[in-house]
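# Fold and contact review
Listed below are the residues making up each chain.
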Amino acid sequence: MAANINFSPLEYEKPAEDELVRRSRSFLELIKKRRTVREFSVEPVPEEVIRNCIEAAGTAPSGAHMQPWHFVVVRDPDIKKQIRLAAEKEERINYEMRYSDEMKKDIEKLETNFEKPFLEHAPVLIAVFKESYRIENHIRRKNYYVNESVGIATGLLITALHYAGLVCLPHTPSPMRFLNEILKRPGNESPTVVLPVGYPAENTRVPDLNRKPLSQILTEF
Ligand SMILES: Cc1cc2nc3c(=O)[nH]c(=O)nc-3n(C[C@H](O)[C@H](O)[C@H](O)COP(=O)(O)O)c2cc1C
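Since the model is a prediction, treat every value here as computed from it, not as a measurement. Sequence positions are assigned chain by chain, starting from 1 and proceeding in written order. Given that the model is predicted, a residue must reach a pLDDT of at least 70 before its local features are reported, and side-chain atom pairs must reach 80 or more before they are shown or counted; all residues, however, enter totals for whole chains, interfaces and linings. Side-chain measures here rest on the full set of heavy atoms in the structure, leaving out hydrogens and waters.

### Focus: the pattern of salt bridges
Any carboxyl oxygen of Asp or Glu within 4 Å of a side-chain nitrogen of Lys or Arg constitutes a salt bridge here. Scanning the model with the defined rule gives 12 salt bridges in all. Glu 19 is paired through a salt bridge with Arg 22; the nearest N and O atoms lie 3.0 Å apart. Placement of both Glu 19 and Arg 22 in helix α1 (residues 17–32) is noted, with a separation of three residues, approximately one turn of the helix. Each residue gets one of three labels from its accessible area relative to the maximum for its type: buried under 20%, exposed over 50%, partly exposed in between, using a 1.4 Å probe on protein chains only. On the basis of relative accessibility, which here comes to 24%, the residue Glu 19 falls in the partly exposed class. Secondary structure elements are defined from DSSP: runs of H or I of at least 4 residues count as helices, runs of E of at least 2 residues count as strands, and each element is numbered from the N terminus.

Pasting the structure below:
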């Protein structure tokens, strides 16, 4: 039987049109400056900032409001080292054997290799897990649109970190099931991404990438 939920009036203030435009422009300018950073300062970041950004991520919409995500924050240097070693083990095989020539060519411009020092240097790692299904009273229950929901939450997290003034790297070692073991997460959860988070190392460079112009990503009727 469906549980009853109360409904309350929406908290909403309609902005004037010029204010809408002003806010959208100001957000666009801010978000255009977000870049993936691969070299981090070891300087610690305030714990509250990380918690606030994760709480912001947890406001994401999700299929049937199942909120199928879990975030693990790692500051412990020993655990970061374990993650680095496990990731490098997989990534070495990827670069030497598993990546196709096409993929190697596609990522060449990023100048990445199997070594992942950022997994130790960044003061914080946030591992994002998706709850592929959930267990209620020992019964396996379905979650809906899990990939989409967790993707949106991760987008909010990256945006919140950028807005706060930190940088991050969405890192996807593959396969990354080793994260369940190291971070003691249950079998119904799968890791989707690890975000090293912090301040950029001094004089960090980022690749000059072009983003598709609006005309290429937008169709209007
Ligand atoms: C799902 C996803 C997985 C990614 N995995 C990696 C990764 O494993 N290693 C890496 O160096 N960058 C990774 N990236 C970062 C992309 O390379 C980066 O977003 C892209 O080059 C565009 O650069 P920008 O984020 O600075 O705009 C990933 C990004 C996404 C969204």
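### A short note on the packing of aromatic side chains
Ring pairs shown here join Phe, Tyr and Trp side chains whose ring centres sit within 6.5 Å, with only the six-membered ring taken for Trp; geometry is labelled stacked below 30 degrees between planes, edge-to-face above 60, and tilted in between. Enumeration over the complete set of coordinates arrives at one aromatic pair. Ring plane angle 70° and centroid distance 5.1 Å describe the contact between Tyr 95 and Tyr 99, whose orientation is recorded as edge-to-face. Think of it as a cone above the ring: NZ of Lys or CZ of Arg counts as a charge over the ring if it is within 6 Å of the ring centre and within 35 degrees of the ring normal. Between Arg 140 and the ring centre of Tyr 133, over which it is positioned, the NZ or CZ distance is 3.7 Å.

### Section: the site of the ligand
Near residues are defined by distance, with any heavy atom within 4 Å of the molecule or strand qualifying the residue. The ligand sits among Arg 34, Arg 35, Thr 36, Arg 38, Leu 110, Thr 112, Leu 169, Pro 170, His 171, Thr 172, Leu 209 and Arg 211. Thr 36 places a polar side-chain atom, nitrogen or oxygen, 2.5 Å from an oxygen atom of the ligand. Distance and chemistry together define a polar contact, namely a pair of N or O atoms within 3.5 Å, with one atom able to donate a hydrogen and the other to accept it when in protein, and with adjacent residues in sequence counting only for side-chain atoms on both sides. Thr 172 places a side-chain nitrogen or oxygen 2.8 Å from a nitrogen atom of the ligand.

### Some remarks on the confidence of the model for the chain
Summing up the model confidence of the chain, the mean pLDDT is 96 and the portion of residues at 70 or higher is 99%. A score between 0 and 100, pLDDT records how confident the predictor is in each residue. Mean pLDDT values for the elements of the chain range from 88 in helix α4 (residues 101–107) up to 99 in helix α2 (residues 47–57).

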